[in-house]
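Single-letter residue listing:
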Amino acid sequence: MTRTDGYLLDNQQTEAGERFDAFATVFDPTTFRHLEGLGIGPGWRCWEVGAGGTSVVTWLAKKVGPTGKVVATDIDTSRLAPAARPPVEVRVHDVGVEEPPTEGFDLVHARLVLVHVPDRERALRSMVKALRPGGRLLIEDGDPALQPLLCPDEHGPEQQLANRLRHGFRTLLADRGADLAYGRKLPRLLREAGLHRVEADAYFPVASSACAALESATVRQIRDKLVSAGLATDEEIDRHLANVASGTMDLCTAPMISAWGRKG
């Protein structure tokens, strides 16, 4: 992710590892399907932006093989250490502020990154600049405003509480500059950036144990901020976490919109 004074989900916090594991379970199959569709193979040079965890980086490394290269960047690379061996190069880098680590990439990919970046326009320009002619860009980001509920089937008090806390989470994100309607803009933004053959789709899990794991880790990570902002009480958070742990609620995430295109 890109550093801001008010970044809500710090990679250093204990719950961050749980969140990365849950994201991998929920979203890796979709991400890998798109990357396969873009033709990734041996010898490709790839830039994984805001890598966070290792699941995508490790998968890319296997695909490009010893003749390829995977540059994995983040402002906090502490959780990337296990992947830092050839063909993977790990770098500390802020995509919203700094120039690309190098250019001529066959593929640039970012997942759930740009929605949090203050200067998203600059970050996107940087990623396009880093591509070789004919190179592929895949951006995947959430759109919480498109589907704002944790429990779309709000049939009881447990689901009502869950959706109220999810509203609090969105409030905290918006207060820190996140664009909660960013995902839907991606096809247009990629076309405006000069990419060709732009397409997009969305993935929206409706009930998943990994979504429950993600919700538990996220709420525990932002607990103090929810309480200090007056968006929830400790008692409400404890009750919600117990409801999530019971396994009786159908929990979902915001839709993840994937958009891709080629540089001319």
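Scoring rules and cut-offs
- Residues numbered from 1 in each chain as written.
- Predicted model: local features only at pLDDT ≥ 70, side-chain atom pairs only at ≥ 80, totals over all residues.
- Heavy atoms only, no water.
- Helix = DSSP H or I, 4+ residues; strand = E, 2+ residues; numbered from the N terminus.
- Rg over C-alpha atoms; globule rule 2.2 N^0.38 Å.
- Buried < 20%, exposed > 50% of the residue type's maximum accessible area, 1.4 Å probe, protein only.
- Contact = heavy atoms within 4.5 Å.
- Pairing = 2+ DSSP bridges.
- Axes fitted to C-alpha atoms, helices over the stretch in contact; angles between N-to-C directions.
- Expected span 1.5 Å × (residues − 1).
- Core = buried A, V, L, I, M, F, W, Y, C linked by side-chain atoms within 4.5 Å.
- Phe/Tyr/Trp six-rings, centres within 6.5 Å; stacked < 30°, edge-to-face > 60°.
- Lys NZ or Arg CZ within 6 Å of the ring centre and 35° of its normal.
- Polar contact = N/O pair within 3.5 Å; in protein donor to acceptor, adjacent residues only side chain to side chain.

Undergrad: Explain the overall build of the protein to me, please; I cannot follow it from the model alone.
TA: Scanning the protein from N- to C-terminus turns up 7 helices and 7 strands. When the helices and strands of the protein are read in sequence order from the N terminus, they spell out α-β-α-β-β-β-α-β-α-α-β-α-α-β. For the protein, whose C-alpha radius of gyration is 18 Å, the value lies close to the compact-globule estimate of 18 Å for 264 residues. For the protein, the spread of C-alpha atoms along the principal axes amounts to about 55 × 35 × 30 Å.

Undergrad: How do you make sense of unusual backbone geometry when you look at a structure like this?
TA: Excluding glycine, a negative phi dihedral is what most residues carry, and trans is how most peptide bonds are arranged. P87 follows P86 through a cis peptide bond whose omega is 10°. Residue placement: P87 occurs in the loop between strand 2 (69-74) and strand 3 (88-92). Even without a glycine there, the phi angle at L112 is positive, about 55°. Relative to the assigned elements, L112 resides in the loop between strand 4 (105-111) and helix 3 (120-129).

Undergrad: Just checking my understanding: could you explain helix 2 (residues 55-64) for this structure?
TA: Residues V56, V57, W59, L60, A61 and V64 constitute the buried set of helix 2. Contact partners of the buried residues in helix 2: helix 1 (14-37), strand 1 (45-49), strand 2, strand 3 and strand 4. Of the residues trailing helix 2, G65 is marked for its positive phi of about 70°.

Undergrad: What am I meant to see in the sheet that holds strand 1 here?
TA: Hydrogen bonds along the backbone pair up the strands of a sheet, which may run parallel or antiparallel. Strand order in the open sheet formed by 7 strands is 3-2-1-4-5-7-6, and the pairing between neighbours is mixed. One side of each edge strand has no neighbouring strand; the edge strands of this open sheet are strand 3 and strand 6 (195-203). Direction aside, the axes of adjacent strands within the sheet are offset by 15° on average. In this sheet, strand 7 (residues 256-263) lies alongside strand 5 (residues 131-142) in antiparallel orientation, the contact comprising 7 bridges.

Undergrad: When you look at helix 1 in this model, what are you seeing that I'm missing?
TA: An α-helical segment advances 3.6 residues per turn. Residues three or four places apart therefore align on the same side. In a regular helix each residue adds 1.5 Å, so 24 residues correspond to 34 Å; helix 1 covers 35 Å between its end C-alpha atoms and thus fits that length. G39 occupies a position one or two residues after helix 1 and carries a positive phi of about 90°.

Undergrad: Explanation requested: the nonpolar core in the structure shown.
TA: Counting 26 residues, the largest nonpolar core has W47, V108, L114, M127, L137, I139 and L190 as the members making the most contacts within it. Those elements that provide at least two residues to this core are strand 1, strand 4, helix 3, strand 5, helix 5 (186-192) and strand 6. At 4 residues, helix 3 tops the list of elements feeding residues into this core. Within the second largest apolar cluster, 21 residues are counted, among which are I40, A72, L80 and V88.

Undergrad: Can you walk me through the packing of aromatic side chains in this structure?
TA: In this description, an aromatic ring pair is defined by two values, namely the gap between the centres and the angle between the planes. Inspection of every chain in the model, using the stated rule, returns 4 aromatic pairs. Residues F23 and F27 carry aromatic rings whose centres are separated by 6.1 Å and whose planes lie at 25° to one another, so their mutual orientation is stacked. A residue pair is termed a helical-turn pair when its members lie 3 or 4 positions apart in one helix, as F23 and F27 do in helix 1 at 4 residues. Given a relative accessible area of 15%, F23 falls into the buried group. Among the residues examined, F27 registers a relative accessible area of 3% and is labelled buried. Linked through ring pairs, F23, F27 and Y203 together constitute an aromatic cluster. The ring of F105 carries the charged tip of R45 above its face, separated from the ring centre by 5.2 Å. The ring of Y182 has R120 lying over it, and the distance from NZ or CZ to the ring centre is 5.7 Å.

Undergrad: Would you take a moment to explain the side chain of D141 for this structure?
TA: Here D141 lies in strand 5. Only 3.1 Å separates the side chain of D141 from the backbone nitrogen of L114, close enough to count as a polar contact.

Undergrad: What am I meant to see in the environment of L173 here?
TA: Examined against the element boundaries, L173 turns out to sit in helix 4 (residues 157-175). A relative accessible area of 8% places L173 in the buried class. For the pair L173 and G183, spaced 10 residues apart in sequence, the C-alpha to C-alpha distance is 15 Å. Setting aside its immediate chain neighbours within four residues, L173 contacts L8, H116, A178 and L180.

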